[in-house]
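# Structural features, examined
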Amino acid sequence: MSASSVILRRLGIAGVCLVSLALCCGLAWWQWERFSSASGTFQNLGYVLQWPLFGLFPAFMFWRIRKLRRRAAEADAQETVAETAVPEVPAPRRRAPVPPPPEDDELAAYNRYLRELNARDK
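Parameters and conventions
- Residues numbered from 1 in each chain as written.
- Predicted model: local features only at pLDDT ≥ 70, side-chain atom pairs only at ≥ 80, totals over all residues.
- Heavy atoms only, no water.
- Phe/Tyr/Trp six-rings, centres within 6.5 Å; stacked < 30°, edge-to-face > 60°.
- Helix = DSSP H or I, 4+ residues; strand = E, 2+ residues; numbered from the N terminus.
- Buried < 20%, exposed > 50% of the residue type's maximum accessible area, 1.4 Å probe, protein only.
- pLDDT = per-residue confidence, 0-100.
- Expected span 1.5 Å × (residues − 1).

### A word on the packing of aromatic side chains
Summed over all chains, the structure comprises five aromatic pairs. Pairing Trp32 with Phe35 gives two aromatic rings, centres 5.6 Å apart and planes at 40°, and the pair type is tilted. Highlighted residues: Trp32 and Phe35, both in helix α1 (residues 3-36), separated by three residues, approximately one helical turn. Residue classification places Trp32 among the partly exposed positions, given a relative accessible area of 36%. Between the aromatic rings of Phe60 and Trp63, the centroid separation amounts to 5.9 Å while the plane-to-plane angle is 40°, which identifies the pairing as tilted. With Phe60 and Trp63 both in helix α2 (residues 42-84), this residue pair falls three residues apart, about one helical turn. Residue class for Phe60 comes out partly exposed when judged on its relative accessible area of 40%. We classify Trp63 as partly exposed; its relative accessible area is 48%. By way of ring pairs, the aromatic residues Trp32, Phe35 and Phe42 are connected into one cluster.

### Considering the confidence of the model for the protein
Residue-level pLDDT values for the protein average 87, and 93% of them are 70 or greater. Put simply, α2 is where the protein has its lowest mean pLDDT, 88, and α1 is where it has its highest, 91.

### Notes on α1
An ideal rise of 1.5 Å per residue puts 50 Å on 34 residues; α1 measures up with 49 Å between its terminal C-alpha atoms. Taken together, the buried positions of α1 are occupied by Cys17, Ser20, Cys24, Ala28 and Gln31.

Structure (structure tokens):
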């Protein structure tokens, strides 16, 4: 992306955030007027508190996405540094082979029986 398109994109996002905040503050004011009227309820008061949060949400998401992108860029930079500096890894040590456990008499008899059954089937 060119620098001018990045600036235009950021201005567009900032504009959307400001419009969202203005619209939601207007809705909060409308709900305050409803709460103040004779037919107002505490539900209207809840909306008064809720609408500004909805208006701030796009700005919060823009901030959060930028923060996550910076973290990802830093992690990529650290990975490239780690890839260029390859440490020497010692060769793995070979272990002596472990002898198989001694075969149990019952197990040996069972295996002979299975071999006999296999031979009969063939």
